Structure formats: structure tokens, C-alpha cells
Amino acid sequence: MRNVVWLMHVSLDGFAAGQNGEIDWIRFDDDLIEDVQALVDSADTALFGRATYQLMESYWPTAADSPTASKHDLDHSRWLNPAPKIVFSTTLKNVHWENTRIVKDHIGEEIARLRKQPGKNLILFASPTLGSTFMNLNLIDEYFFNINPIVLGKGKPLFRDQNETRRLKLLESKTYKNGVVSLRYRGGN
Amino acid sequence: MRKIVVSEFVSLDGVVEDPGGAEKFKHGGWSFKFRDDQVPKYKLDELKASDSLLLGRVTYEEFAKAWPSRKDDMGFADKMNIMPKYVVSTTLKKLDWNNSRLIRANVAEEVRKLKQQPGGDILVYGSGSLVNTLLQHDLVDELRLMVHPVVLGSGRRLFDDNAETLKVLKLAESRTFPSGIVLLTYHPTN
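This structure is a prediction, so every number in the text was calculated from the model and none was measured. (Residues numbered from 1 in each chain as written. Chains lettered and ligands numbered in written order. Predicted model: local features only at pLDDT ≥ 70, side-chain atom pairs only at ≥ 80, totals over all residues.)

**A short note on the overall build of chain B**
No. 1: Looking only at helices and strands, one finds 5 helices and 9 strands in chain B.
No. 2: Going residue by residue from the N terminus, the α and β elements of chain B occur as β-α-β-α-α-β-β-α-β-α-β-β-β-β.
No. 3: The C-alpha atoms of chain B give 16 Å as radius of gyration, which agrees with the globular expectation for 190 residues (16 Å, within 12%).
No. 4: Across the 190 residues that make up chain B, the buried fraction comes to 36%.
No. 5: For chain B, long-range pairs separated by at least 24 residues make up 72% of all intrachain contacts whose partners lie at least 6 apart in sequence. (Helix = DSSP H or I, 4+ residues; strand = E, 2+ residues; numbered from the N terminus. Rg over C-alpha atoms; globule rule 2.2 N^0.38 Å. Buried ≥ 20, exposed ≤ 12 C-beta atoms within 10 Å, placed from the backbone. Contact = placed C-beta atoms within 7 Å.)

So this is what it looks like as C-alpha cells:
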């Protein structure tokens, strides 16, 4: 069965982005990129909320064409551009990225349908608002949180409006040289 | 110079309210669901390595009710009851818990003075509002977060949701406990 995996970079005070959507504080290094890429490779379908989708759509379709593209840009483009992408939004009208479709409602049914299809995991990239909705619908199987060593003070919170207490199982914690700690949990209750 | 060491039980969603269950919070006592034999040992070593407590009013009141009547074989309660306690509050009039003294005003300045005095490390448990004041004044030398594998969904969070300044930290250590608690230790850098 395909799992839904949520990949999220978060500040120590629980923000997914700064007040104006800044994500420049998110730290990467080669080891972390390698582990994230392995996680991405365990999936074959990308899921997004509207805001994260639009940010990604403005970058990834042409990221590999730039002469300054990094190895990560190239590797991730090779996976992300052809992959089936689903953006969950009630307001978005058009998408301009290949192999992307919009799902407006019945999120739970959509995920249940996808789970039954053969394939690899479904990966939810960032999308803090959608992620919280997924949690409330019990749709997340695995969490991959990268805790960055920074207190932003204010910004876009990761966990909000959780209906119930949710106990998770720690699968792994790993420390990177750049001070990021990745915490991997199995979902459940 | 003495160090200020902040040590917190925190849920994955950043809640620090009432891990011990004394404050009538609806999830009160949440930390007790994640116990293993290494956590008490760690907490005892941490306490033994410190020589004073610095507490905010809410945490002080909870502790002052619970600890005087406690006793344990490890000597945890004895140490809590005997050691000096500095309590930050503008409303408390008198402190009944043994060896406690009040800091009424000029918190940053008073804490700076404490740090200059001879002695060992000063430990801060809980005391969310005080911790934010200390962080904003760059008075925290070490921040230890015991991240519990639970999303509580509601409750008071450790970090002020509307702080003016961004703080970059340095990860000093991380350690995983059998119960799934991960201890993250940071040193502020600015």
C-alpha cells in the first residue's frame, strides 16, 4: 500500500515560513539533500497546497535549464517535472506545470483512491495548511520534519487547528553538520 | 560566569503547558505518557549539575505546592527543596517554599547580576513567559528541549508567537531516548 509522507522544513519555534513567506533560513547540506532525495525517490507522486504549489511552479519547470543549476536542481527536476502532481485548492483555476491537476474537494476520497492504485509513495511537500488538514483527516502515514536551528519569532505556523491529540512513533532522528535535526515519525493515534 | 540553562518538556507542536498535570490544563500530565528509564536518570544528572533554580510565577506556584511533601530514593526532591530558587513575579508577596527569593522588577538586570555571582549553573524549568524574556535579552546560555512524540493540538507554546527578533542557534547535541523523546540542546549565537 502506498504511504502518504509529509516532508517539512520547520524552524525551532514551529514556523514553516517567515511572515512574508521567507524560506531562505532553511538549511541544506549534501547529506541532508541526499536523505531528502532518497525520501523523494520512495515516492512517485507529488502533493501540494496552493501556496507551496505556486512557489514550486515558479521555479522547477526551468530550474534545470539554468547554467548555474546545482546537482540538487538537476536531480530534483528530473523527478519532479515529469511526476504526477496534485494541487489541492478551492481557488486555483489554472496550472502551467506539466502533469499537474487540481483537486478542489473530497480530499479524503481522493487520497483513498490514490492509495489503492499501484505505485510508490505519495509525498506532500511543505504545504503547512494542507498538511494540518491532512492530519485532521488522518491521512499522513509518515512525517519527515527537518528542525532548523533558528527561532524566527513570527511567521506561518506549521501545526494549527489540530482537532485532537496525536501520538506519533519516532522512527529515527538524525543530526546534520549544519545543525538541522531531522525527526521521522510514523503517524497514528 | 554562571550559565543559565533552560530545560523544557515540549510537544512536537511546541506546547509546554502543564507537562506534569498540576495546572488543570486539558492535556495536563502529557509528559508522563512517555517515560523510560533513561529520562529520570538524565533529569537527575541535570539537576545535580545545577545549583539554583530560576522560575516564573506559574511554574513556581506549581512546584511550591508539589515538591515540599515529596521524597524519593534518588534524592531528586531533596535537591529541589534545598537548592536556592529565584522567582520572577510582580504579584507574589511572599514565598513559602524553602530557600526561595523574589525578583520583582528589572528581570534582565537581576539575572545578569546572578550570572556574575560565584556558583554553578542556574536551571530554568518551564516558565515559558520568563524564558522568552531571557531569550530576548540574550541571557540564555543553553536551551534543552525534550521533544515528545505527540501533537497536542492546543496549549501554551514555549516560543512567543510574535517575537520581534530572529535568533540563530547552534545545535550542541541531540540525543534520542527509548520512549521516542528527542533531546535537542542549543546554544544561542546572537
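**Things to note about the interface of chain B and chain A**
No. 1: Residue-level contacts link 27 residues of chain B with 26 residues of chain A.
No. 2: When contributions to the side of chain B that touches chain A are tallied by element, the ones reaching two or more residues are β7 (150-151), β8 (167-176) and β9 (182-188) of chain B.
No. 3: Considering every element that reaches the side of chain B that touches chain A, the biggest residue donor is β8(B), with 7 residues.
No. 4: Classifying every residue of the side of chain B that touches chain A by side-chain character gives 14 nonpolar, 8 polar and 5 charged.
No. 5: Taken together, the 2 bridges between strand β10 (residues 166-167) of chain A and β7(B) define a ladder with antiparallel strand orientation. (Nonpolar A, V, L, I, M, F, W, Y, C, P; charged D, E, K, R; others polar. Pairing = 2+ DSSP bridges.)

**Some remarks on unusual backbone geometry**
All names here are of chain A.
No. 1: Its identity is not glycine, yet His 106 carries a phi of approximately 55 degrees, on the positive side.
No. 2: Turning to its location among the elements, His 106 is positioned in the loop between β5 (100-103) and α5 (107-116).
No. 3: A positive phi angle, near 50 degrees, is found at Ser 127, a position not held by glycine.
No. 4: Its location among the elements puts Ser 127 in the loop between β6 (121-125) and α6 (128-136).

**Looking at the nonpolar core**
No. 1: Formed by 89 residues in total, the largest nonpolar core has its most connected members in Ile123(A), Leu124(A), Ile4(B) and Val124(B).
No. 2: Setting aside chain neighbours within four positions, we find Ile4(B) in contact with Leu54(B), Val111(B), Lys115(B), Ile122(B), Val124(B), Leu134(B), Leu139(B), Val140(B) and Asp141(B). (Core = buried A, V, L, I, M, F, W, Y, C linked by C-beta atoms within 7 Å.)

**Describing the sheet that holds strand β2 (residues 50-56) of chain B**
No. 1: Pairing in this open sheet of 9 strands is mixed, and the strands run β8(A)-β8(B)-β9(B)-β6(B)-β1(B)-β5(B)-β2(B)-β3(B)-β4(B) from one edge to the other. On the outer flanks of this sheet lie β8 (150-151) of chain A together with β4 (100-103) of chain B, each paired with one strand and no other.
No. 2: Sheet analysis places strand β1 (residues 4-11) of chain B next to strand β5 (residues 121-125) of chain B, joined by 4 bridges and oriented parallel. Among the inter-strand pairings, Ile4(B) is bridged to a residue of β5(B), identified as Ile122(B).

**Some details on the pairing of β6(A)**
Residues and elements named next belong to chain A.
No. 1: The element β6 is extensively covered by neighbouring structure, given that 5 of its 5 residues are classed as buried.
No. 2: Bridge analysis of strand β1 (residues 4-11) against β6 gives 4 bridges, and the strand direction is parallel. Residue pairing across strands places Trp 6 opposite Leu 124, the latter belonging to β6.
No. 3: Alignment of strand β3 (residues 43-49) against β6, held across 4 bridges, turns out to be parallel. Bridge pairing in β6 links Ala 43 to Asn 121.

**Thoughts on the sheet that holds strand β11 (residues 169-175) of chain A**
Residue and element names in this part refer to chain A.
No. 1: Spatially, the 8 strands line up as an open sheet ordered β5-β4-β3-β6-β1-β7-β12-β11, and their pairing is mixed. With partners counted over all chains shown, the strands left at the sheet margins are β5 and β11, one partner each. The mean angle between the axes of side-by-side strands here comes to 20 degrees, regardless of whether they run parallel or antiparallel.
No. 2: Sheet analysis places strand β7 (residues 142-148) next to strand β12 (residues 181-186), joined by 6 bridges and oriented antiparallel. Its bridge partner lying in β12, Asn 146 is registered against Ser 182. (Axes fitted to C-alpha atoms, helices over the stretch in contact; angles between N-to-C directions.)

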